[in-house]
Amino acid sequence: MADATKYAPIGGVNSNHLVADLKSLFSILKARKTVTFAAYAFTLAFVAFTVFLAFSPSPNASSPWFTNIFSSFTTSTITTTTTTTTTTPDSYKSQLSPFYAFLFPNTSSRSSNATSQSHNQNTNKETFQTPSLENPTQSTLNSSHDPVPVPVPTTISTTKNSTLQGNSTSDEAKAVNTTSDKNQTLKSDEAKAVKTNQTTNALAPAPAKIVSVKPNQNLSSNASASSSAAVEGDVANNYTASLAKKQNNRAKEEKDGWLKSLMKCDFFDGEWVKDDSYPLYESSSCADLIDEQFNCIRNGRPDKDYQKYKWKPKGCSLPRLDGHKMLDLLRGKRLVFVGDSLNRNMWESLICILRNAVKDKKRVYEANGRVHFRGEAAYSFIFKDYNFTVELFVSPFLVQEWEMPDKNGTKKETLRLDLVGRSSDQYKDADIIVFNTGHWWTHDKTSKGEDYYQEGSHVYHELNVLEAFRKAITTWSRWVDANVNPSKSMVFFRGYSASHFSGGQWNSGGACDSETAPIDKEKYLNEYPPKMRVLEKVLKYMKTHVTYLNITRLTDFRKDGHPSIYRKQNLSPEERKSPLRYQDCSHWCLPGVPDAWNEILYAELLMRHYRNQHQQKKA
């Protein structure tokens, strides 16, 4: 009509035709307005209805498409320990993708694959482990309804914060987000892009958060995330256990190496080194156990440096005596000292060390309630909590002191070189026995050897002291071989403890009270005692293994460690007049040198325990 109007002659138009044409034009415009209005109304209604369905899903299982819209929305959000959810730009796309897929099904090959959500899901948990797939040719994601074929994505990217949930009754599953770009590369640090044929019917096990799936391996959304978490937990536990095992093995190797070094070490070739961590105990903590003769601090000795030395062998380092560990080694056993007052020195030292390791001191006591330890033939301290006893049997010569009638009807003292001490039957079954003798062989009677040594009924008119000592030690060694069971008992012999009398002997004005430091040069040491050479020869031919604690040289350095004039508190009138004449330069102050003897004994027990353990393993 527009064209007809354009070419009509001007001024030649019939009025009737003009009115008719205007009416026709208005009717057409009215019809177009009606159609346009209807189209806008339909579009608005459709959009409103779609939005309503998208954000108000029906629980009806017969409406799967909008259920999937809602599930896509919920699975793309991160649910943490609270009910607040947060979406990212990627998750926003995943929410709208089902809507566009519904309107434009032909473009679904570029849309994101969404997983269905179980109605019983626990929204308070999240997993960070997501499997990666390798370019599957066809994929099926199981939902809570019938399986729906979906186009195959070329690349699947995993995100740390996604969760995937399928038909599994587990509370946790994994989310798989697809990308629309075929060549897109995964930039996350915790996932990988993979490219082989694969279906989603099994979950690949993995030792870490990132799951790497092999070609043709099945991946199923039915596998629960809790199973993956369990796998991770097992791996973590296995790693921790493996690390702990390696550490234990390393510590065991170090301990084994240390013990082996002790076995190859000469404990008695070394030197005294200053160590401020010593002594092992304070004299005040053992005031009721240390004899007055050995308690130098209580008797007024002013210097204490003599307590601050540790014996250091050249080839190894002795372990510091640990009272708790030693008590464990001695649990249920009898440890017996047999010998003279120098063994009493060592016995009291050990009691102090071990008692200080016990919580309840009242459960450590002398069997007969004695509080003084001189004058009796035997003493026994009981450690009740450990069923352990540490005992002392007085036997200065290891053979019997004897009496026999003299010609004029009196009795004279002799030493029976052919009879072991009378108390021997009481300790022959002990688990550990420490013997010693030496100092009493320097006294007048024994050193002179006139009408004193006896064998059977024969008394030697004169006998060299070294020969008498050899006979006595041979008698002792035969008794040990005949009566001590080496498979049950450990036998030690502690060697001669050096004395440091200067200007005379113990009964002729010998003194050591001015000594406050050890000897620092070997050339000042005394000659090795000949009696100990005799002992070593006898030990060599014994059937029973005897561990020789050769402390002679070790003690010879320590001229500073004797009680000297601090041997007693209550001096006699004569002693007060000339105290320098009555000194003790053979025994040792406690704490002091005998503690080192016990540290060597402790090292020997550790080595014996180590050897027994290895023999049992081999057996």
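Our structure is the block above this text.
Please read all numbers here as calculations on a predicted model, not as lab measurements.

### Notes on the overall build of the protein chain
- Within the protein chain, the regular secondary structure consists of 14 helices and 21 strands.
- Classification of the 619 residues of the protein chain by burial places 44% in the buried group.
- Put simply, 73% of the contacts in the protein chain that link residues at least 6 apart link residues at least 24 apart.

### Quick look at helix 7 (residues 341-355)
- Taking 1.5 Å of rise per residue, 15 residues should cover 21 Å, and helix 7 covers 21 Å from first to last C-alpha, within 8% of that figure.
- For helix 7, a buried count of 15 out of 15 residues is recorded, marking the element as mostly surrounded by other parts of the structure.
- The distance from a side-chain oxygen at the start of helix 7 to the backbone nitrogen of Leu342 is 2.9 Å, and the residue carrying that oxygen is Asp340.

### What about unusual backbone geometry?
- Residue Pro279 follows Tyr278 across a cis peptide bond; omega there is 10°.
- Within the secondary structure layout, Pro279 lies in the loop between strand 9 (270-274) and strand 10 (309-313).
- For the bond running from Leu590 to Pro591, omega is -5°, close enough to zero to count as cis.
- The backbone of Leu398 shows a phi angle near 70°, a positive value even though the residue is not glycine.

### Observations regarding the packing of aromatic side chains
- Going through the model one piece at a time under the given rule, you end up with 19 aromatic pairs.
- Geometrically, the ring pair formed by Tyr427 and Phe435 is edge-to-face, given 6.0 Å between the ring centres and 70° between the ring planes.
- The class of Tyr427 is buried, set by a relative accessible area of 1%.
- The buried category is assigned to Phe435, whose relative accessible area is 0%.
- Of the aromatic side chains, those joined through ring pairs into one cluster are Phe393, Tyr427, Phe435, Trp476, Trp479 and Phe493.

### Points about the pattern of salt bridges
- Counted under the stated rule, the structure contains 20 salt bridges.
- Note that Asp328 and Arg331 form a salt bridge whose closest N and O atoms lie 3.0 Å from each other.
- Asp328 sits in the partly exposed class, given a relative accessible area of 45%.
- With a shortest N-O distance of 3.8 Å, Arg344 and Glu348 are connected by a salt bridge. A residue pair is termed a helical-turn pair when its members lie 3 or 4 positions apart in one helix, as Arg344 and Glu348 do in helix 7 at four residues.
- For Glu348, a relative accessible area of 1% corresponds to the buried category.

### Looking at a nonpolar patch on the surface
- A cluster of nonpolar side chains, Phe42, Phe46 and Val47, forms an exposed patch at the surface whose accessible area comes to about 310 Å².
- Along the chain, Phe42 falls in helix 2 (residues 15-55).
- By relative accessible area, which is 59% here, Phe42 ends up exposed.

### Things to note about helix 11 (residues 530-540)
- For helix 11, the full list of buried residues reads Lys531, Met532, Val534, Leu535, Val538 and Leu539. Along the axis of helix 11, the buried positions cluster into a sector of 155°, meaning they face one direction only. Relative to its buried face, helix 11 has exposed residues pointing more than 90 degrees away, namely Lys537 and Lys540.
- Elements that come into contact with the buried residues of helix 11 comprise helix 10 (465-483), strand 20 (490-494), strand 21 (546-549) and helix 12 (552-556).

### Quick notes on a negative patch on the surface
- Together, Asp406, Glu450, Asp451 and Glu462 line one region of the surface with negative charge.
- Relative to the assigned elements, Glu450 resides in the loop between helix 9 (444-448) and strand 18 (453-455).
- Taking the relative accessible area as the measure of exposure, Glu450 reaches 53% and is therefore exposed.

### Overview of the environment of Glu401
- Residue position: Glu401 is located in strand 15 (residues 399-405).
- Separated by 15 residues in the primary sequence, Glu401 and Arg416 place their C-alpha atoms 6.2 Å from one another.

### Here we look at the sheet that holds strand 18
- Judged by pairing direction, the sheet is mixed, and its four strands sit side by side in the order 15-16-18-19 without closing on themselves. With partners counted over all chains shown, the strands left at the sheet margins are strand 15 and strand 19 (458-459), one partner each.
- Across two bridges, the pairing between strand 18 and strand 19 is antiparallel. Each residue of the ladder has a partner; that of Glu455, found in strand 19, is His458.
- Lying over the sheet, helix 10 contacts strand 15, strand 16 (411-420) and strand 18, oriented at roughly 50° with respect to strand 16.

### Considering the state of the cysteines
- For the coordinates displayed, the defined rule picks out four disulfides.
- A sulfur-sulfur separation of 2.2 Å characterises the disulfide bridge that pairs Cys265 with Cys316. Since a negative S-S torsion denotes a left-handed disulfide, the Cys265-Cys316 link at about -75° is left-handed. Of this pair, Cys265 sits in the loop between helix 5 (225-263) and strand 9 while Cys316 is found in the loop between strand 10 and helix 6 (323-329), placing the two residues 51 residues apart along the sequence.

### Remarks on the nonpolar core
- Core analysis: the largest hydrophobic core is formed by 66 residues, its most contacted members being Phe267 and Val390.
- For this core, the element with the most residues is helix 14 (residues 593-618), which contributes 11 residues.
- Sequence-distant contacts of Phe267, defined by excluding residues within four places in its chain, comprise Leu262, Trp311, Pro313, Cys316, Leu318, Ile600, Ala603, Glu604 and Met607.
- Judged by nonpolar contacts, the second largest core, of 38 residues, contains Val338, Ile433, Val484 and Val538.

Reading guide: rules and limits
Residues numbered from 1 in each chain as written. Predicted model: local features only at pLDDT ≥ 70, side-chain atom pairs only at ≥ 80, totals over all residues. Heavy atoms only, no water. Helix = DSSP H or I, 4+ residues; strand = E, 2+ residues; numbered from the N terminus. Buried < 20%, exposed > 50% of the residue type's maximum accessible area, 1.4 Å probe, protein only. Contact = heavy atoms within 4.5 Å. Expected span 1.5 Å × (residues − 1). Polar contact = N/O pair within 3.5 Å; in protein donor to acceptor, adjacent residues only side chain to side chain. Phe/Tyr/Trp six-rings, centres within 6.5 Å; stacked < 30°, edge-to-face > 60°. Salt bridge = Lys/Arg side-chain N within 4 Å of Asp/Glu carboxyl O. Patch = residues over 30% accessible without salt bridge, like charges linked within 9 Å, V, L, I, M, F, W, Y side chains within 5 Å. Areas by Shrake-Rupley, 256 points an atom, 1.4 Å probe, with all protein chains shown as cover. Arc of directions from axis to C-beta. Lys, Arg positive; Asp, Glu negative; His and termini not counted. Charge placed at Lys NZ, Arg CZ, Asp CG, Glu CD. Pairing = 2+ DSSP bridges. Axes fitted to C-alpha atoms, helices over the stretch in contact; angles between N-to-C directions. Disulfide = S-S within 2.5 Å. Core = buried A, V, L, I, M, F, W, Y, C linked by side-chain atoms within 4.5 Å.

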